[in-house]
Amino acid sequence: MTLVTATRRSAQRAPRATGDRRLPDRGAWFLVLPALIPILVLSVGPLLYGILLAFTDSQSGRTQPTQWIGGLNFRDLLHDTLFWESFRIGLVWAVGVTVPQFLLALGLALLLNQKLRLRWLARALAIIPWAMPEVVVGIMWRLVYNPDAGVLNETLHDLGLAGGHDWLSGLGTALPAVIVVGVWAGMPQTTVALLAGLQSTPRELHEAAAVDGAGAWRRFRTVTWPALRPVALAITALNLIWNFNSFALVYVLTSGGPGGRTRLPMLFAYEEAFRYGQFGYAAAMGCVMVAVISLLLALFLVGRLRGGDDA
C-alpha cells in the first residue's frame, strides 16, 4: 500500500516539476523583451519593409498608388553599370581600408602593450579618432587636404615638393586620399580590440619561449599570433562589413566625386532615393548589399566553426 501511494505521488509531482522548469524560460523571455522590442521595431521592421519596397515602383511625389512590379527593379539593377561600378569601388574601399587598418593597428597594439613611460597617455591619445564623429573627421580632413591652405600642401611646399594639389578633386588621388582618412579614423577600434587580445595572453608563455632562445619574431609567430588570431579574425570581418557600409565619412569628404570615383554603394543608393526619388530602386540596391554582407558573415562563421573544429 505504501509503495502504491508513493508511486501515485511521484506521478502527480512530475507535471509540476516540468512546469517549474519552464518558469525560468518564461522569465528569461520577459527579461529579454525590453532589449528585443527596439531591435524588432528599429532594425528588423525597417529591413522587412525595405525588402517589400524593393518589389514595388515606389517614387517620391507620385500621385498614383504604389504598385507591385515583382523583380523588375532587380532586373534593371543587373544592367546598371553605374551601380556595379560603385560596387567595385566599395570593395576596393573596404579592402583598401581594412588591410592597412589592421596592420597599423597591430603594430600600435604591440607597441602599447610594452612597458613604456606614460603608456596610459599614449593609449588615451590613440583612441581620440575613434571618439570623434565621422562628420567632424571629414571636415577636419577636408581642411588638411585643402588645395590653397591645407596642412598637407603647406608641408609639401616647405619641403620643396610640389604643392597646391587638390587631393579630393583629382581623378587619381580622390579615392586614395579618402582611404587614408578611413584608415586613420577606424584604426583605434582595431587597436583596442587587438590590445585586449594581447593582454589576455599569459606572460609565462613569452617568458618560457624567451628562455628557450626564441627571438621576438619567433615568439610572435608561435605564442602571440595563435592567441590573437580569433580576435584578429573577428575584428577584421567586422571592419570589412563596417567599411563596406560607410557613408558619412565619404559623403562629407567628396560626396561621391569626382566623376563618381568615390561613389560607394551606400552613396549610390542614397542618391537614387533622396535625390532622384526612386525609393523602390534604391531599396533593391539595399537588398543586394544586405545579401553581400550576409554572405560575408556566413563565410566568416563557417571559417570560425571550421577553425574551432580543427582546434
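Residues numbered from 1 in each chain as written. Predicted model: local features only at pLDDT ≥ 70, side-chain atom pairs only at ≥ 80, totals over all residues. Heavy atoms only, no water.

Draft legend 1. Expanded view of the overall build of the chain. Looking only at helices and strands, the chain has 13 helices and zero strands in total. The secondary structure elements of the chain, listed N-terminal to C-terminal, are α-α-α-α-α-α-α-α-α-α-α-α-α. Within the span of the chain, comprising 311 residues, buried residues form 32% of the whole. Considering only contacts within the chain whose residues lie at least 6 apart along the sequence, 66% involve residues at least 24 apart. As displayed, the chain has an accessible area near 19400 Å², and 66% of this comes from carbon and sulfur atoms. (Helix = DSSP H or I, 4+ residues; strand = E, 2+ residues; numbered from the N terminus. Buried < 20%, exposed > 50% of the residue type's maximum accessible area, 1.4 Å probe, protein only. Contact = heavy atoms within 4.5 Å. Areas by Shrake-Rupley, 256 points an atom, 1.4 Å probe, with all protein chains shown as cover.)

Draft legend 2. Local environment of the packing of helix α9 (residues 203-211) against helix α10 (residues 216-244). Close contact between α9 and α10 brings their axes to 10 Å; oriented N to C, the two are set at 150 degrees. Classified by the angle their axes make, α9 and α10 are roughly antiparallel. Two packed elements cross with a definite hand, and for α9 against α10 that hand is right-handed. Residues Leu-205, His-206, Ala-209 and Ala-210 of α9 pack against Arg-219, Val-223 and Thr-224 of α10. For the contact of α9 with α10, a count of residues per class yields four nonpolar, two polar and one charged. (Axes fitted to C-alpha atoms, helices over the stretch in contact; angles between N-to-C directions. Parallel < 35°, antiparallel > 145°, perpendicular 65-115°, else oblique. Left-handed = near helix turned anticlockwise from the far one by under 90°. Nonpolar A, V, L, I, M, F, W, Y, C, P; charged D, E, K, R; others polar.)

Draft legend 3. Region of the structure containing the environment of Pro-133. Considering the arrangement of structural elements, one finds Pro-133 in the loop between α5 (128-131) and α6 (134-144). Note: C-alpha distance between Pro-133 and Ala-248 (115 residues apart in sequence) is 9.4 Å.

Draft legend 4. Quick look at the UniProt feature "transmembrane region" (unreviewed entry) in the chain. Feature annotation in UniProt places "transmembrane region" (unreviewed entry) on residues 28-55, 91-112, 124-144, 164-185, 227-253 and 279-302, given in this structure's numbering. The span residues 28-55 is 93% helix and 0% strand, and its two end C-alpha atoms sit 38 Å from each other. Secondary structure within residues 164-185 divides into 55% helix and 0% strand; the distance between the first and last C-alpha atoms comes to 24 Å. (UniProt positions renumbered as here; feature names shortened; annotations may be inferred.)

Draft legend 5. How the structure looks around the pattern of salt bridges. In this structure the tally under the stated criterion is three salt bridges. In this structure, Arg-88 and Glu-85 form a salt bridge, with 2.6 Å as the shortest nitrogen-oxygen distance. Of this pair, Arg-88 and Glu-85 both sit in helix α3 (residues 81-112), three residues apart, which is roughly one turn of that helix. Classification of Glu-85 by relative accessible area gives partly exposed; the value is 35%. When the shortest N-O distance is used, the salt bridge between Arg-263 and Glu-271 registers 3.4 Å. (Salt bridge = Lys/Arg side-chain N within 4 Å of Asp/Glu carboxyl O.)

Draft legend 6. The nonpolar core, seen in detail. In this structure, Leu-77, Phe-83, Trp-93, Trp-141, Val-181, Leu-253 and Met-285 are the most contacted members of the largest nonpolar core, which totals 37 residues. Looking at this core, the elements with two or more residues in it are α3, α6, α8 (174-199), α10, α11 (248-253), α12 (265-274) and α13 (279-310). If you tally residues by element for this core, the top one is α13, at eight residues. When residues no more than four places from it in sequence are discounted, the contact partners of Phe-83 are Leu-77, Phe-268, Met-285 and Val-288. Of all hydrophobic cores here, the second largest spans 14 residues; its members include Leu-106, Leu-112, Leu-198 and Phe-220. (Core = buried A, V, L, I, M, F, W, Y, C linked by side-chain atoms within 4.5 Å.)

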